[in-house]
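A closer look at the structure
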Protein chains: 2
Amino acid sequence: MATKRELFPLVVVDVAVFTIEQDQLRALLVQRALEPEAKRWALPGGVLKPDIDDSLQAAARRVLRTKVSVDLPHVEEVCTFSGPTRDPRGWSVAVLFYALLPRDKVHALVRSKVEALKWADPTHPISGLAFDHGLQLRSALHAVQSKVEAQTLPLHLLPEKFTLTELQRTCEAILGRPLDKGAFRRRLKNSQELIATDDFVRGAQRPAQLYKASDTFTF
Amino acid sequence: MATKRELFPLVVVDVAVFTIEQDQLRALLVQRALEPEAKRWALPGGVLKPDIDDSLQAAARRVLRTKVSVDLPHVEEVCTFSGPTRDPRGWSVAVLFYALLPRDKVHALVRSKVEALKWADPTHPISGLAFDHGLQLRSALHAVQSKVEAQTLPLHLLPEKFTLTELQRTCEAILGRPLDKGAFRRRLKNSQELIATDDFVRGAQRPAQLYKASDTFTF
């Protein structure tokens, strides 16, 4: 007998949330409380609710707000995953987004009591994730890497003010390889996304100027 | 009263099909036969059928096969369009794909009698398209342009064998700007996607060597 789900596919949104901790890229995983795939680690996600969501992107932001207590202004779509077998509830469409979270918001996030959370290293394979979330996480990582390769600066991952060395280390953490300092600084000179502030931090060597994202910056 | 469609969103696939005609980029439009939006020009598209489609990509290929009689091995996902108002039938998710069609398949395509067809210039705004298909077409064009900017060669748009001049003109048609011949040829030298054949064509000037896509080529 055909059920409603066989005529109308299940539509879900999943979000890969990335941050930088101690110069390492980290992705947020949640332990699922409910079936299907209860107890398994997964990307935060949820079913689209047409009665309250205005778009898939709005659904992704709602899921982050309600499941991990974080209110992100911007999520970026990666791609879809679909078919009859990826979710035991039936034919499903998962729309994958990624979000970049500054380090100084991570503390608030991990205090949330909604579900068990952990930050994992997405640059190495993570086995045993629910559904096709291992594949989804690799796709989201690849999307962020492509953005940085295409010279988009991952400013959403940084605190409000940061040094150029911090920015370079963040790019290196995403790409998984060292960058030439001279070439990196020359590339930044042409960036419209970055503006110098009047503030400096005192480091082991000479004071380093602090920068911030320009008002027009969008990832 | 809540209808099924308000609980289960409508899921459709839309496809922007591009080709090159006389060194100009062209996009395929179909005149809709049925409501909603009957008689208006639109991208070829259709509703996902979970009982026969194995994935959204398979649904997109089925739509091209049944609506415009073309069997394309490969379609590329662009992004989704979603919300309560973009389709009068209710809350909907449209998943947009693009496909690149070689010139020598265009003749077979336009002889199909399934619906009225035309090829339009996507590099200028086209007003009056059904649904949000004007916006979708601009998104698909931007996706193809980004691929070519990222040095991916649009070999799917060319006949089986082609000259480097034809390849350059195809890239120029997509990007909407002239490319420097010397820089373009240097870029091709590093390409793994292109192999030289033993064939030449005689032109107005000296004979030009013909090239083809390598076996490992994927767009």
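Residues numbered from 1 in each chain as written. Chains lettered and ligands numbered in written order. Predicted model: local features only at pLDDT ≥ 70, side-chain atom pairs only at ≥ 80, totals over all residues.

A short note on the overall build of chain A
Selection rule: Note on conventions: DSSP H or I runs of at least 4 residues are helices, E runs of at least 2 residues are strands, and numbering of each starts at the N terminus. Just to be clear, the radius of gyration here is over C-alpha atoms, and the globule rule we use is 2.2 Å times residues to the power 0.38. Partly exposed residues are those whose C-beta has more than 12 but fewer than 20 other C-beta atoms within 10 Å; with 20 or more the residue is buried, with 12 or fewer it is exposed, and the C-beta atoms are placed from the backbone. Here, residue contact means that the backbone-derived C-beta atoms of the two residues sit within 7 Å.
Secondary structure summary: chain A contains six helices and nine strands in total. For chain A, the C-alpha radius of gyration of 19 Å lies close to 17 Å, the compact-globule estimate for 219 residues. For chain A, the C-alpha atoms occupy an extent of roughly 70 × 30 × 30 Å along the three principal directions. Among the 219 residues that make up chain A, the fraction classed as buried is 33%. Across chain A, contacts joining residues at least 24 apart in sequence account for 65% of those joining residues at least 6 apart.

What about the relation of the copies chain B and chain A?
The test is simple: For this overlay, a least-squares fit was computed on C-alpha atoms, restricted to residues scoring pLDDT of at least 70 in both copies.
Note on the copies: chain B fits chain A at an RMSD of 0.0 Å, the axial shift is 0.0 Å, and the rotation between them is 180 degrees. Overall, the copies show the geometry of a two-fold rotation axis. Of the interface residues in chain B, 100% have counterparts in chain A that sit at the interface too, so the contact is made through matching surfaces.

Considerations on the pairing of strand 6 (residues 92-100) of chain B
All names here are of chain B. Under the convention used in this document: For two strands to count as paired, DSSP must find a minimum of two bridges between them.
By the criterion of burial, strand 6 is predominantly enclosed, with nine of the nine residues buried. Residues of strand 6 alternate between two faces, with Ser-92, Ala-94, Leu-96, Tyr-98 and Leu-100 on one and Val-93, Val-95, Phe-97 and Ala-99 on the opposite face, all of them buried. Bridge analysis of strand 1 (residues 10-21) against strand 6 gives nine bridges, and the strand direction is parallel. Opposite Leu-10, over in strand 6, you have Ser-92 as the bridge partner. Pairing analysis gives seven bridges linking strand 5 (residues 76-83) to strand 6, with the strands arranged antiparallel. Looking at strand 6, one finds that Ser-82 is bridged to Val-93.

Observations regarding the interface of chain B and chain A
Stated formally: In this classification, the charged set is Asp, Glu, Lys and Arg, the nonpolar set is Ala, Val, Leu, Ile, Met, Phe, Trp, Tyr, Cys and Pro, and all remaining amino acids, among them Gly, are polar.
Contacts between the two partners involve 22 residues from chain B, matched on the other side by 22 residues from chain A. Of all the secondary-structure elements, those providing two or more residues to the side of chain B that touches chain A are helix 1 (4-7), strand 5 and strand 6 of chain B. Among the elements that line the side of chain B that touches chain A, the one with the most residues is strand 5 of chain B, at five residues. The residue makeup of the side of chain B that touches chain A, split by class, is 13 nonpolar, four polar and five charged.

Side note on unusual backbone geometry
Glycine aside, residues mostly have negative phi, and peptide bonds are mostly found in the trans state. Going from Glu35(A) to Pro36(A), the amide bond is cis rather than trans, its omega being -5 degrees. Residue placement: Pro36(A) occurs in the loop between strand 2 (24-31) and strand 3 (41-42). Positive phi outside glycine occurs at Phe131(A), with the angle close to 50 degrees. Tracing the sequence through the fold places Phe131(A) in the loop between strand 7 (117-120) and helix 4 (133-149). The exposure class assigned to Phe131(A) is buried, which follows from the 22 C-beta atoms found within 10 Å. Positive phi, close to 55 degrees, is recorded for Ser69(B), a residue that is not glycine.

Remarks on helix 5 (residues 164-175) of chain A
In an α-helix, one turn spans 3.6 residues, which is why side chains three or four residues apart end up on the same side. Residue and element names in this part refer to chain A. Convention followed: Expected span of a helix, by definition, is 1.5 Å for each gap between consecutive residues, and there is one gap fewer than residues. The arc under discussion is defined with respect to the helix axis, by the directions toward the C-beta atoms.
Here helix 5 is twelve residues long and its end C-alpha atoms lie 16 Å apart, about the 16 Å a rise of 1.5 Å per residue gives. Three or more residues of helix 5 are buried, namely Glu-166, Leu-167, Thr-170, Cys-171, Ala-173 and Ile-174. Burial along helix 5 is one-sided: seen end-on, the buried residues are contained in an arc of 160 degrees. Residues of helix 5 that are buried in the fold lie against strand 1 (10-21), strand 2 and helix 4. Of the residues flanking the end of helix 5, it is Gly-176, one or two places downstream, whose phi is positive at about 75 degrees.

Observations concerning helix 2 (residues 56-68) of chain A
For helix 2 of chain A, with 13 residues, the first-to-last C-alpha span of 18 Å sits near the 18 Å given by 1.5 Å per residue. Among all positions in helix 2 of chain A, only Leu56(A), Ala59(A), Ala60(A), Arg61(A), Val63(A), Leu64(A) and Val68(A) are buried.

Concerning the domain arrangement of chain A
All names here are of chain A. Condition: Where each domain starts and ends comes from a domain assignment, either automatic or drawn from a database.
We note that the domain assignment places domain 1 (4-149) and domain 2 (155-213) within chain A. Using C-alpha coordinates to define each centre, domain 1 is positioned 28 Å away from domain 2. Of the residues lining the interface, 14 residues belong to domain 1; the matching set on domain 2 comes to eleven residues. Within the residue set of the side of domain 1 that touches domain 2, elements represented by two or more residues are strand 1, strand 2 and helix 4. Classifying every residue of the side of domain 1 that touches domain 2 gives seven nonpolar, four polar and three charged.

Thoughts on the packing of helix 4 (residues 133-149) of chain B against helix 5 (residues 164-175) of chain B
If you want to describe how two helices pack, look at the angle between their axes and the distance between the axes. Residue and element names in this part refer to chain B. For clarity, the threshold we go by: The convention used is that axes are lines fitted to C-alpha atoms, helices contributing only their stretch in contact, and that angles between N-to-C directions extend from 0 to 180 degrees. Any angle that falls under 35 degrees is termed roughly parallel, while one over 145 is termed roughly antiparallel, one within 65 to 115 roughly perpendicular, and all others oblique. Crossings are assigned a handedness: left-handed for a near helix turned anticlockwise from the far helix by less than a right angle, right-handed for a clockwise turn.
Where helix 4 meets helix 5, the closest approach of the two axes is 9 Å, and the angle between their N-to-C directions is 135 degrees. In this view, helix 4 runs oblique relative to helix 5, as classed from their interaxial angle. Note that helix 4 runs across helix 5; the crossing there is left-handed. Packed against helix 4, whose contacting residues are Val-144, Gln-145 and Val-148, the element helix 5 presents Cys-171, Ile-174 and Leu-175 at the interface. By residue class, the composition of the contact of helix 4 with helix 5 is five nonpolar, one polar and no charged.

Notes on the nonpolar core
In summary, soluble globular proteins display a tendency toward joint burial of nonpolar side chains. For clarity, the threshold we go by: Each nonpolar core reported here comprises buried Ala, Val, Leu, Ile, Met, Phe, Trp, Tyr and Cys residues connected via C-beta atoms within 7 Å.
One finds Val15(A) and Val15(B) to be the most contacted residues of the largest nonpolar core, which totals 102 residues. The contacts of Val15(A), once residues within four sequence positions are left out, are Leu43(A), Pro44(A), Gly45(A), Ala60(A), Val63(A), Leu64(A), Val75(A), Phe97(A), Tyr98(A) and Ala99(A).

Focus on the confidence of the model for chain A
Applied cut-off: Note: pLDDT gives the predictor's confidence per residue, expressed from 0 to 100.
Here chain A averages 89 in pLDDT, and 92% of its residues register 70 or above. Reported confidence for the predicted complex is 0.88 by ipTM and 0.90 by pTM.

Side note on the environment of Asp199(A)
Examined against the element boundaries, Asp199(A) turns out to sit in strand 8 (residues 194-201). Distance from Asp199(A) to Ser82(A), taken between C-alpha atoms, is 49 Å for residues 117 residues apart in sequence.

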